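Inside the fold
Residue strings, one per chain:
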Amino acid sequence: MALIVQKYGGSSVGSLDRIRNVASRIKKLRDEGNQVVAVVSAMGGVTDKLIGMATQLNENPPERELDVLLSSGEQQSIALLATALQGMGVDAVSATGRQAGIVTSGSHTRGRIEDINPSLLQAYLDEQKVIIVAGFQGVTQTGLIHTLGRGGSDLTAIAVAAALKADLCQILTDVDGVYTCDPRVVKNARKLPEISYDEMLEMASSGSKVMQSRSVEFAKKYGVVFEVCSSLNNNPGTLVTEEHPAMEAVVIRGVSIERSQARVTITDIPDRPGNSAKILGALADAEINVDMIVSNIASDGMARHSFTMHTNDLGRAQAALQPVLNSLSADAQLETEAGLAKLSTVGIGMRSHSGVAAKMFQALGDAGINIGMISTSEIKIAVTVDETAIEDAARVVHEVFELDKKPVA
Ligand code: ADP
Ligand code: ASP
Ligand code: MG
């Protein structure tokens, strides 16, 4: 008897018909003799709707109350799914984050899973029950409700699979695997049979929202191998796993895009030890996630720093930086640009192949797409472009690396 942990995302439980479909899939697994724990998201659109309601009442909704509110979305879907299963004669029970023993730390709306005490889940499994666990939520040691960041049900599923030592972990969604690029953007994107944790992590953290990036980090840390597949068909999905030597033969595994990016540039800062720390420190204190950082020294010896961030953070970043700039130099200037997007190419094969950046930049140049900032890691090259050009840019880069074609081994 295998223990299978599955996760069904918002679109997979987005209507009563979809919930019935999920219930039938779980019943089939159960009838085949498996033990099933299904982690479920809120019905598609519910989390956004709840945020919208809170924001109408208060422009800056208190995060503690947001957590109480948003966690109710997942609570609806677990009860509905368990109800559907019982209607089909399956002995199913729902479990909230607290009941599933998910202990969190960190801040409201960005909780981190600290520990899982699966004693109640284990007791239900011993009674041969199917368990439906609420994704995206946990409670602190002192009993406060935390949510785990957008897309956080992925993290719940991976953590529950690790805690229960599941035989199989599946992330079921509205696409049948991880593709070389978002198939909604690049129509001829190809489904990958497998991808390494590091590549999945880079893709997820640079905009491929098919997996939440922190869930991939967790999977890597605890060695949870998982499959991304569809809740609507039985096509083979994508295995996310530890890298093996054959994987390096492929130079580029995939391309990610991230919209709604903005740039802040600060110029005419004296080039002195500690100044960069003061600037980044002000952004960190304002809890702003800075992505790319490019710094250099102009011919007059003054420093220039550029950062990218989500457009929503731009106003707060300006407010946080202004007092620091005033203290650093009377001449310091701050300039901003919104309407950007980021394009990233990812592949562990980059470690052993050269010329990737040149090929990517040439293709973008030939297509008349201007590159703004550039940043790289060992397995990623990322550039900013105008947001209006991002889809073309993704298609051009996908094409030049022939990602639609199966690589020759
Ligand atoms: P769920 O509600 O199941 O959590 P998400 O909407 O979070 O689903 O993630 C699935 C979506 O991720 C797909 O519909 C697809 O548009 C998008 N996506 C982005 N990049 C990729 C990629 N490289 N491969 C597959 N899907 C991707
Ligand atoms: N419902 C949450 C969200 O929309 C968590 C999830 O779907 O994974 O982000
Ligand atoms: Mg998701």
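Residues numbered from 1 in each chain as written. Chains lettered and ligands numbered in written order. Predicted model: local features only at pLDDT ≥ 70, side-chain atom pairs only at ≥ 80, totals over all residues. Heavy atoms only, no water.

1. Section: the overall build of the chain
- Summing up its helical and strand segments, the chain has 11 helices and 18 strands in all.
- What you see for the chain is a C-alpha radius of gyration of 23 Å, in line with the 22 Å of a compact globule of 409 residues.
- When the backbone C-alpha atoms are referred to their principal axes, the chain occupies close to 75 × 55 × 35 Å.
- Residue burial in the chain is summarised as follows: out of 409 residues, 50% are buried.
- Long-range pairs, those at least 24 residues apart, make up 74% of the contacts in the chain between residues at least 6 apart in sequence. (Helix = DSSP H or I, 4+ residues; strand = E, 2+ residues; numbered from the N terminus. Rg over C-alpha atoms; globule rule 2.2 N^0.38 Å. Buried < 20%, exposed > 50% of the residue type's maximum accessible area, 1.4 Å probe, protein only. Contact = heavy atoms within 4.5 Å.)

2. Some remarks on unusual backbone geometry
- Its identity is not glycine, yet Ser 260 carries a phi of approximately 55 degrees, on the positive side.
- Within the secondary structure, Ser 260 sits in strand β13 (residues 254–270).
- Unusually for a residue other than glycine, Glu 287 sits at a positive phi of about 55 degrees.

3. Description of the pairing of strand β14 (residues 293–297)
- Pairing between β14 and strand β15 (residues 302–310): five bridges, direction antiparallel. Bridge assignment links Ile 293 to a residue of β15, and that residue is Phe 307. (Pairing = 2+ DSSP bridges.)

4. Focus: the UniProt feature "binding site: ATP" (unreviewed entry) in the chain
- Summarizing the sequence annotation, UniProt attributes the feature "binding site: ATP" (unreviewed entry) to Lys 7, Tyr 8, Gly 9, Gly 10, Thr 173, Asp 174, Tyr 179, Arg 184, Lys 209 and Val 210 in the numbering used throughout.
- One can find Tyr 8 in strand β1 (residues 3–8).
- Residue contacts for Tyr 8: discarding those within four places in its chain leaves Val 13, Val 22, Arg 25, Ile 26, Ala 38, Val 39, Val 40, Ser 41, Leu 172 and Ser 231.
- One polar contact links Tyr 8 to Gln 6, side chain to side chain, over a distance of 2.6 Å.
- Residue classification places Gly 9 among the buried residues on the basis of a relative accessible area of 6%.
- Sequence-distant contacts of Gly 9, defined by excluding residues within four places in its chain, comprise Ser 41 and Leu 172. (UniProt positions renumbered as here; feature names shortened; annotations may be inferred. Polar contact = N/O pair within 3.5 Å; in protein donor to acceptor, adjacent residues only side chain to side chain.)

5. Side note on the site of ligand 1
- Close to ligand 1 lie 18 residues; Thr 173, Asp 174, Tyr 179, Asp 182 and Arg 184 are nearest.
- In this structure, an oxygen atom belonging to ligand 1 sits 2.8 Å away from a side-chain N or O atom of Asp 174.
- Between Arg 184 and ligand 1, the recorded distance is 2.5 Å, taken from a side-chain N or O atom to an oxygen atom.
- Classifying every residue of the shell around ligand 1 by side-chain character gives seven nonpolar, six polar and five charged. (Near = heavy atom within 4 Å. Nonpolar A, V, L, I, M, F, W, Y, C, P; charged D, E, K, R; others polar.)

6. Some remarks on helix α6 (residues 197–205)
- With respect to burial, α6 is a largely interior element, seven of its nine residues being buried.
- Tyr 197, Glu 199, Met 200, Leu 201, Glu 202, Met 203 and Ala 204 are the residues of α6 that are buried.
- At the exit of α6 stands Gly 207, carrying a positive phi of roughly 115 degrees.

7. Things to note about the UniProt feature "binding site: substrate" (unreviewed entry) in the chain
- Here, UniProt's "binding site: substrate" (unreviewed entry) annotation points to Thr 47 and Glu 74. Taken along the chain, the residues just named run across 28 residues; in space they keep tight, none of their C-alpha pairs more than 8.7 Å apart.
- Its location among the elements puts Thr 47 in helix α2 (residues 46–57).
- Setting aside chain neighbours within four positions, we find Thr 47 in contact with Ala 42, Leu 70, Phe 136 and Arg 150.
- With respect to the helices and strands, Glu 74 occurs in helix α3 (residues 63–87).
- With relative accessibility at 3%, the residue Glu 74 sits in the buried group.
- For Glu 74, the residues in contact, after removing those within four places along its chain, are Val 40, Ser 41, Ala 42, Ala 134, Gly 135, Phe 136, Gln 137 and Ser 153.

8. A closer look at the packing of aromatic side chains
- Inspection of every chain in the model, using the stated rule, returns one aromatic pair.
- Judged by centre distance (4.6 Å) and plane angle (35 degrees), the ring pair of Phe 218 and Tyr 222 falls under tilted. In this pair, Phe 218 and Tyr 222 both sit in helix α7 (residues 213–222), four residues apart, roughly one turn of the helix.
- A relative accessible area of 48% places Tyr 222 in the partly exposed class. (Phe/Tyr/Trp six-rings, centres within 6.5 Å; stacked < 30°, edge-to-face > 60°.)

9. Notes on the pattern of salt bridges
- Taken as a whole, this structure holds 27 salt bridges when the rule is applied.
- Measuring nitrogen to oxygen at the nearest pair gives 2.7 Å for the salt bridge that ties Lys 7 to Asp 154. On the criterion of sequence distance, the pair formed by Lys 7 in strand β1 and Asp 154 in helix α5 (residues 153–164) is long-range, its members being 147 residues apart.
- Among the residues examined, Lys 7 registers a relative accessible area of 8% and is labelled buried. (Salt bridge = Lys/Arg side-chain N within 4 Å of Asp/Glu carboxyl O.)

10. What about the site of ligand 2?
- Surrounding ligand 2, one finds Ser 41, Ala 42, Thr 47, Glu 74, Phe 136, Arg 150, Gly 151, Gly 152 and Ser 153.
- Separating an oxygen atom of ligand 2 from a backbone N or O atom of Gly 151 is a distance of 2.9 Å.
- Taking 270 Å² as the accessible area of ligand 2 by itself, protein coverage stands at 87%.
- For the shell around ligand 2, the per-class residue count stands at two nonpolar, five polar and two charged. (Areas by Shrake-Rupley, 256 points an atom, 1.4 Å probe, with all protein chains shown as cover.)

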